[in-house]
Amino acid sequence: MIHFLDLQKINAQYAEQLKNAASRVIDSGWFLLGKETEIFERKLAEYVGAEPSQTIAVGNGLDALRLILRGYIELGEMQEYDEIIVPANTYIATIIAISDNRLTPVLVEPNIETYNIDIDRIEEKITEKTKAILLVHLYGQAVWSEKLEQLAQKYNLKIIEDNAQAIGATWNGIRTGNLGDAAGFSFYPAKNLGALGDSGAITTKNPELAKTIRALGNYGSERKYHNAFRGANSRMDEIQAAFLSIKLDYIDTETATLQSIAEYYCKHITNSKIILPSFDNRSHVWHVFVVRCKQRDDLQKYLENHQIQTQIHYPIPPHKQVCYANTPLAKLHLPITEQIHREVLSLPISPVMTMEQVKKIVEILNSY
Ligand SMILES: *Cc1c(COP(=O)(O)O)cnc(C)c1O
């Protein structure tokens, strides 16, 4: 069986370092808001190009996005029912972060070639209530343009990045997570930079927002037992910070491997029933390798019969989810998004796959 993603094997590469780090944290007796978190925040800031004091480790990727929006609300820059423009084709977490803050998600269709938000369809959705564009660098591909910057400037909108899937990607030499006003990261175990449990982070160019978010993630308190906000409890464990500091050193090497596997797939998958992704190599870090096929379910079954595990990112679009059944989202007609959800299939891609496995997948796909 070729696994979709073998997390055991991925972490085994660094087992000795990870075990040493775990021992160090256990022996220290200090488990939250300590020097491991501080070190990781500094390393992540340096990697992304952000300010260390404006890089905040939190509990998970969903909280990262939630806390950014909550931070803007606390600063008086957003309020209940304000509108946030967001891609219709994304993981549900992006939408939940908006609706949890009683803000209104305004869904925009993706570009069928890149699967990312169609920047040309944003302006028609802007109203007096629009406060931000929450971008998602979906599947690991950066989405950005000068036109987007101009739109944000013209209408005075914040640009927030959901960078859960694209750490290491760049646009014009700038890393995702450092393009907009603020960004959320996820270090869920299966993400490109994966912890051994849940964790996430926020970067922002706004020092005031950073200060507010840092308090919000710790019960709304800057000083112990003094609560300025009714905050959340969303902190990165010291042990996860220690693991992530190790794994961050290898992210570029792992990304390069993913990029070479993706390149091989694109060059050698020649079956006309399979639509390959369109990309620019520097801007794509291949969190997942997504192809499209009219007979998607049949193709998935065929691959399964040939011992190849695949996944679907994602089978049900956010506006069709039961949790939004009683909201205006449920009435939306989004043909491109719906087509994508019917046709996409994610092939195995990971830094620990062998070339032999990659070749086998190509061969089997070409004989479908
Ligand atoms: C994984 C993911 C999240 C949420 O991250 P968690 O750490 O799982 O909470 C948010 N947005 C996108 C696009 C994701 O892929």
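Residues numbered from 1 in each chain as written. Predicted model: local features only at pLDDT ≥ 70, side-chain atom pairs only at ≥ 80, totals over all residues. Heavy atoms only, no water.

1. Notes on the overall build of the protein chain
Counting its regular elements, the protein chain contains 12 helices and 13 strands. For the protein chain, whose C-alpha radius of gyration is 21 Å, the value lies close to the compact-globule estimate of 21 Å for 368 residues. Seen through its C-alpha atoms, the protein chain measures out along the principal axes to roughly 65 × 55 × 40 Å. Residues counted as buried form 56% of the 368 residues belonging to the protein chain. Pairs at least 24 apart in sequence give 71% of the contacts found in the protein chain among residues at least 6 apart. Put simply, the protein chain shows about 16700 Å² of open surface, and 49% of that area lies on carbon and sulfur atoms. (Helix = DSSP H or I, 4+ residues; strand = E, 2+ residues; numbered from the N terminus. Rg over C-alpha atoms; globule rule 2.2 N^0.38 Å. Buried < 20%, exposed > 50% of the residue type's maximum accessible area, 1.4 Å probe, protein only. Contact = heavy atoms within 4.5 Å. Areas by Shrake-Rupley, 256 points an atom, 1.4 Å probe, with all protein chains shown as cover.)

2. Brief notes about the side chain of asparagine 89
Structurally, asparagine 89 is set in the loop between β2 (83–87) and α5 (92–100). Looking at asparagine 89, its side chain comes within polar contact range of the main-chain oxygen of tyrosine 115, at 3.1 Å. With sequence-adjacent residues up to four places away left out, asparagine 89 is seen in contact with Pro110, Tyr115, Leu138, Tyr139, Thr337, Ile340 and His341. (Polar contact = N/O pair within 3.5 Å; in protein donor to acceptor, adjacent residues only side chain to side chain.)

3. Details of the environment of proline 189
Considering the arrangement of structural elements, one finds proline 189 in the loop between β8 (182–186) and β9 (200–204). On a C-alpha basis, the gap between proline 189 and leucine 32 in space is 19 Å, while along the polypeptide they are 157 residues apart. Apart from residues lying up to four places away in sequence, proline 189 is in contact with Leu7, Gly194, Ala195 and Gly197.

4. Remarks on α5
Turning to α5, its buried residues number three or more, namely Ile92, Ala93, Thr94, Ile95, Ala97 and Ile98. Within two residues after α5, arginine 102 carries a phi angle of roughly 55°, on the positive side.

5. Observations concerning the sheet that holds strand β3 (residues 104–108)
Strand order in this open sheet of seven strands is β1-β9-β8-β5-β4-β2-β3, and the pairing throughout is mixed. Both outer strands of the open sheet, β1 (55–58) and β3, are each paired with one neighbouring strand and no more. Going across the sheet, the axis of each strand differs from the next one's by a mean of 20°, ignoring polarity. Relative to strand β5 (residues 158–162), strand β4 (residues 130–136) runs parallel, the two being bridged by five bridges. Along β5, the bridge assignment pairs valine 136 with aspartate 162. Packed on one face of the sheet, helix α4 (residues 61–74) meets β1, β2, β4, β5, β8 and β9 and runs near 160° to β8. (Pairing = 2+ DSSP bridges. Axes fitted to C-alpha atoms, helices over the stretch in contact; angles between N-to-C directions.)

6. Some thoughts on the pairing of β1
One face of the sheet, then the other: side chains in a regular strand alternate in exactly this way. Residue alternation in β1 divides its side chains into two sets, Thr55 and Ala57 and Ile56 and Val58, and both sets are buried. Bridge count for β1 against β9 is four bridges, and the pairing is antiparallel. Bridge pairing links isoleucine 56 to isoleucine 202 in β9.

7. Side note on the side chain of histidine 313
Note that histidine 313 resides in the loop between α10 (296–305) and α11 (335–343). Owing to a relative accessible area of 11%, histidine 313 belongs among the buried residues under this scheme. Of note is the side chain of histidine 313, whose polar atom sits 3.4 Å from the side chain of glutamine 311. Reaching out from histidine 313, the side chain makes a polar contact with the side chain of serine 346 at a distance of 2.7 Å. Beyond its immediate stretch of four places on either side in the chain, histidine 313 contacts Phe4, Tyr139, Val288, Val344 and Ser346.

8. Focus: the nonpolar core
Counting residues in hydrophobic clusters, the biggest one holds 37 residues, and the most contacted among them are Tyr139, Tyr265, Phe289, Leu299, Leu303, Leu347 and Leu365. At the level of elements, α9 (251–268), β12 (289–292), α10, α11, β13 (344–347) and α12 (355–366) are the ones that each hand at least two residues to this core. When near neighbours in sequence (up to four residues on either side) are disregarded, phenylalanine 289 contacts Ala262, Tyr265, Cys266, Leu276, Pro277, Leu345, Ser346, Leu347 and Ile349. (Core = buried A, V, L, I, M, F, W, Y, C linked by side-chain atoms within 4.5 Å.)

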